[in-house]
Amino acid sequence: MNAVWTIARKELSDSLRNRWLVAISLVFATLALGIAWFGAAAAGQVGYASTPATIASLASLGIFLIPLIALLLAYDAIVGEEEGGTLLLLMTYPLSRSQLLLGKFLGHGLTLALATVIGFGVAGAAIALLVEDVAIVSLATAMGRFIGSTILLGLGFIALAYLISVRVSEKPVAAGLALAIWFFFVLIFDLLLLGGLVASEGTLNPELMPWLLMLNPTDIYRLLNIVAFSGSEPLSGVLSLGSDLPVGQAGLWLALVMWCVLPLAAALLLFRNRRI
Amino acid sequence: MNCFELDNISHSYDRETVLKDVTLQLNPGEILGLFGHNGAGKTTTIKLILGLMKPTAGRLSVLGGQAGDPKVSQHIGYLPENVMFYPQLTGREILAHFARLKGASPAQVPELLAQVGLADAMDARTRTYSKGMRQRLGLAQALLGKPRLLMLDEPTVGLDPVATADLYRLLRQLRDEGTGIVLCSHVLPGVEPYIDRAAILTAGALQAVGDLPSLRRQANMPVTLDLTSAGDVGDLENTINAATRGRETVLRRDGRQLSVDIAPHEKMPVLQELLASGAIADLSIHQPSLEDLYVHFIGAGGLAHRGGAQ
């Protein structure tokens, strides 16, 4: 445990030193405040629209941003150490491969979690203070759910980045594959799903389709943050499938957690078999 | 307890044999030189002892335990060839990080940095370090936690002559305190005075192990006598020819200087005869050096493997 924490501590202090933590927090806070303030711009006015609309907009942006940041943060975790020549040295220390990877996960995870809590937390506090007659309780619940799911989504993509990092032997390749993963889950997946729906012309089992959303952590994330308010607004695109899902909020949370655990477990397994 | 014991160790990957039937051990308080050309299996041997890989066959014990066991690696210091560090951290931060990983006292960090001559540079980022400074930091890293087994791969690369001498003095001191040390180097004349035993690897097999006298006995290479004649060089030449009649010798002449290559066991009888003749004014004896022995054991076959796959 001590060794895991030593590694995590270095990652955390690295991200403080290279200003990653500050930069991500600032980006999150600016985005959240901007969306809160100009949320009603589409309706022709400036000002706070509503909590559900703000969270929905934040989540739509988060889908693009969070996976990208997580992948960038973590793609070189192992391959970077190897190219830097420190992996061999680290492995001669009383430190197992699993401990090294878990330490990295803890360090990167804490970086992302801190940035999320600080960035969106500040924005949430500002909304609560500045916007008149906003329902504090519903805002806090929605923000809490949003921050929690954002952290989980980030952890999932950090784990996916490790899956690449333990497998390849060159940093540029890892960076390329990380972008490919982002592209697939954020842009391609929904298109494939919709395309499949249309092409199948209804021959696919309609009960199966909603479950396919579970194969994409960003869709789970979106469902979690938008479906919670689905009473008030109609859902569009593939998300409408989500309303047919027989799993409740708890099921979605569990699915998101699985998206952290499974890739991390796979990365640990692959790392153990890597030749150093 | 041995520092390590390799018992008929073989290792292969991708169906290629990298080590075959290597039996080697290191005792505490001993410096072992591990020599061989590139791809001879030195790095593989070291990696096996460090527990980075598992042997395909044979028995291996390190510090009385299993290679790679955290309780064992805690007592091993390792300096890799071309050691690299995190460029954005300072020497002190890096050493503190590794000290925490090894469970060594943080008080050791400034001490060790001063010991390797980095006292003035410890708060500079290692990005600015020269090759020699990186090497010193690597050495300080290897010495963390007072290791009982120290493995150094080309430790003197990038070090100036004074730093090199300091390093060897330090290694002697550690050896006298009971540390077992493995030294890999291509600078054979440099390490010759400091090693207690040498192990020579070729193509994954151990060619010879032992201290220098026993390696010389095994190699049975000729000893060279450099002789300066007291009077006429021709007279000395005749005397030598008479003394070495019936023995296998090679005589070379260079001005007033004569050199005789002679088998080790015939050295004393010939010398006695020459001394008795009174024809020599000065005399020096050259034993085969570590480099000569290395070339002898590696042989032509060894050279053919040069540049082979790592």
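Going by what an unreviewed UniProt entry lists, chain B is known as Cu-processing system ATP-binding protein and is assigned to Marinobacter persicus.

Chain A carries the name Cu-processing system permease protein in an unreviewed UniProt entry, which gives Marinobacter persicus as its organism.

## Describing the overall build of chain A
For chain A, the count of helices and strands is twelve helices and zero strands. Along the chain direction, N to C, the helices and strands of chain A fall in the order α-α-α-α-α-α-α-α-α-α-α-α. By the compact-globule yardstick of 19 Å for 276 residues, chain A fits well, its C-alpha radius of gyration being 20 Å. Across the 276 residues in chain A, those meeting the buried criterion constitute 51%. The long-range fraction of contacts in chain A, counting pairs at least 24 apart against all pairs at least 6 apart in sequence, stands at 82%. When the accessible surface of chain A is summed, it comes to about 12200 Å², and 69% of that surface belongs to carbon and sulfur atoms.

## Looking at the overall build of chain B
The helix and strand tally for chain B stands at eleven helices and 13 strands. Per-residue burial for chain B yields a buried fraction of 49% across its 310 residues. In chain B, the proportion of contacts linking residues at least 24 apart, taken out of those at least 6 apart, comes to 70%. Approximately 14000 Å² of chain B is accessible, and the part contributed by carbon and sulfur atoms is 49%.

## A closer look at helix 2 (residues 20-38) of chain A
Relative to the 27 Å expected for 19 residues at 1.5 Å per residue, helix 2 of chain A spans 27 Å between its end C-alpha atoms, a close match to the ideal helical length. Those residues of helix 2 of chain A hidden inside the fold are in contact with helix 1 (2-17), helix 3 (51-74) and helix 6 (97-130) of chain A.

## Some thoughts on the sheet that holds strand 13 (residues 280-286) of chain B
All names here are of chain B. Read across the sheet, four strands follow the order 11-12-10-13 without closing on themselves; strand pairing throughout is antiparallel. At either margin of the open sheet sits one strand with a lone partner, and together these are strand 11 (249-254) and strand 13. Averaged over all neighbouring strand pairs, the angle between strand axes comes to 20°, with direction disregarded. Bridging between strand 10 (residues 223-229) and strand 12 (residues 257-262) involves six bridges; their strand directions are antiparallel. Residue pairing across strands places Leu225 opposite Val260, the latter belonging to strand 12. Along the sheet, helix 10 (residues 267-277) makes contact with strand 10, strand 12 and strand 13, crossing strand 13 at roughly 165°.

## Some details on the domain arrangement of chain B
As assigned here, chain B comprises domain 1 (4-75 + 147-217) and domain 2 (222-286). Averaged C-alpha coordinates put domain 1 of chain B and domain 2 of chain B at centres separated by 39 Å.

## Digging into the interface of chain B and chain A
On the chain A side, the residues contacting the 25 residues of chain B number 22 residues. Interface area lost by chain B to chain A is led by Leu52(B), Tyr86(B) and Leu101(B), which between them contribute 29%. Across the salt bridge formed by Arg17(A) and Glu93(B), the nearest N and O atoms sit 3.1 Å from each other. For the pair chain B and chain A, the number of links is five residue pairs in polar contact (both at pLDDT 80 or more).

## A look at the packing of aromatic side chains
Residues and elements named next belong to chain A. Taken as a whole, this structure holds eleven aromatic pairs over all chains when the rule is applied. When the ring of Phe105 is compared with that of Tyr162, the centres are 6.1 Å apart and the planes differ by 70°; the resulting orientation is edge-to-face. Taken together, the residues span a long stretch of sequence, with Phe105 in helix 6 and Tyr162 in helix 7 (residues 136-165) at a distance of 57 residues. An identical accessibility class is assigned to Phe105 and Tyr162; each is buried.

## Some thoughts on the UniProt feature "transmembrane region" (unreviewed entry) in chain A
All names here are of chain A. Mapped onto this structure's residue numbering, the UniProt feature "transmembrane region" (unreviewed entry) falls at residues 20-43, 55-75, 112-131, 143-164, 176-199 and 250-271. Across residues 55-75, the secondary structure splits into 95% helix and 0% strand, with the terminal C-alpha atoms separated by 28 Å. Secondary structure content for residues 143-164 is 100% helix and 0% strand, while the C-alpha to C-alpha distance between its ends is 32 Å.

## Remarks on the packing of helix 3 (residues 91-102) of chain B against helix 4 (residues 108-115) of chain B
Residues and elements named next belong to chain B. Their axes nearest at 9 Å, the elements helix 3 and helix 4 cross at an angle of 125°. With respect to their mutual orientation, helix 3 and helix 4 come out oblique. As for how helix 3 packs across helix 4, the hand of that crossing is right-handed. Contacts from Gly91, Arg92, Leu95, Ala96 and Ala99 in helix 3 reach Val109, Leu112 and Leu113 in helix 4. Looking at the contact of helix 3 with helix 4 residue by residue, the class counts come to six nonpolar, one polar and one charged.

## Things to note about the packing of helix 3 of chain B against helix 5 (residues 131-142) of chain B
Residues and elements named next belong to chain B. Packing of helix 3 against helix 5 brings their axes to within 10 Å, and their N-to-C directions diverge by 25°. With respect to their mutual orientation, helix 3 and helix 5 come out roughly parallel. The two elements helix 3 and helix 5 cross, and the hand of that crossing is right-handed. Counting all contacts with helix 3, which are made through Gly91, Ile94, Leu95, Phe98 and Lys102, the residues of helix 5 involved are Leu137, Ala140, Gln141 and Ala142. Of the residues contributing to the contact of helix 3 with helix 5, the split by class is six nonpolar, two polar and one charged.

## Considering the nonpolar core
Grouped together as the largest cluster of nonpolar side chains are 166 residues, with contacts concentrated most on Phe4(B), Val62(B), Leu149(B) and Leu171(B). For this core, the element with the most residues is helix 7 of chain A, which contributes 16 residues. Not counting the four nearest positions on each side in its chain, Leu149(B) is found in contact with Cys3(B), Phe4(B), Leu26(B), Ile49(B), Val62(B), Leu63(B), His75(B), Ile76(B), Gly77(B), Thr179(B), Gly180(B) and Val182(B).

How each quantity is defined
- Residues numbered from 1 in each chain as written.
- Chains lettered and ligands numbered in written order.
- Predicted model: local features only at pLDDT ≥ 70, side-chain atom pairs only at ≥ 80, totals over all residues.
- Heavy atoms only, no water.
- Helix = DSSP H or I, 4+ residues; strand = E, 2+ residues; numbered from the N terminus.
- Rg over C-alpha atoms; globule rule 2.2 N^0.38 Å.
- Buried < 20%, exposed > 50% of the residue type's maximum accessible area, 1.4 Å probe, protein only.
- Contact = heavy atoms within 4.5 Å.
- Areas by Shrake-Rupley, 256 points an atom, 1.4 Å probe, with all protein chains shown as cover.
- Expected span 1.5 Å × (residues − 1).
- Pairing = 2+ DSSP bridges.
- Axes fitted to C-alpha atoms, helices over the stretch in contact; angles between N-to-C directions.
- Domains from an automatic or database assignment.
- Buried area = accessible area lost by both parts, 1.4 Å probe.
- Salt bridge = Lys/Arg side-chain N within 4 Å of Asp/Glu carboxyl O.
- Polar contact = N/O pair within 3.5 Å; in protein donor to acceptor, adjacent residues only side chain to side chain.
- Phe/Tyr/Trp six-rings, centres within 6.5 Å; stacked < 30°, edge-to-face > 60°.
- UniProt positions renumbered as here; feature names shortened; annotations may be inferred.
- Parallel < 35°, antiparallel > 145°, perpendicular 65-115°, else oblique.
- Left-handed = near helix turned anticlockwise from the far one by under 90°.
- Nonpolar A, V, L, I, M, F, W, Y, C, P; charged D, E, K, R; others polar.
- Core = buried A, V, L, I, M, F, W, Y, C linked by side-chain atoms within 4.5 Å.

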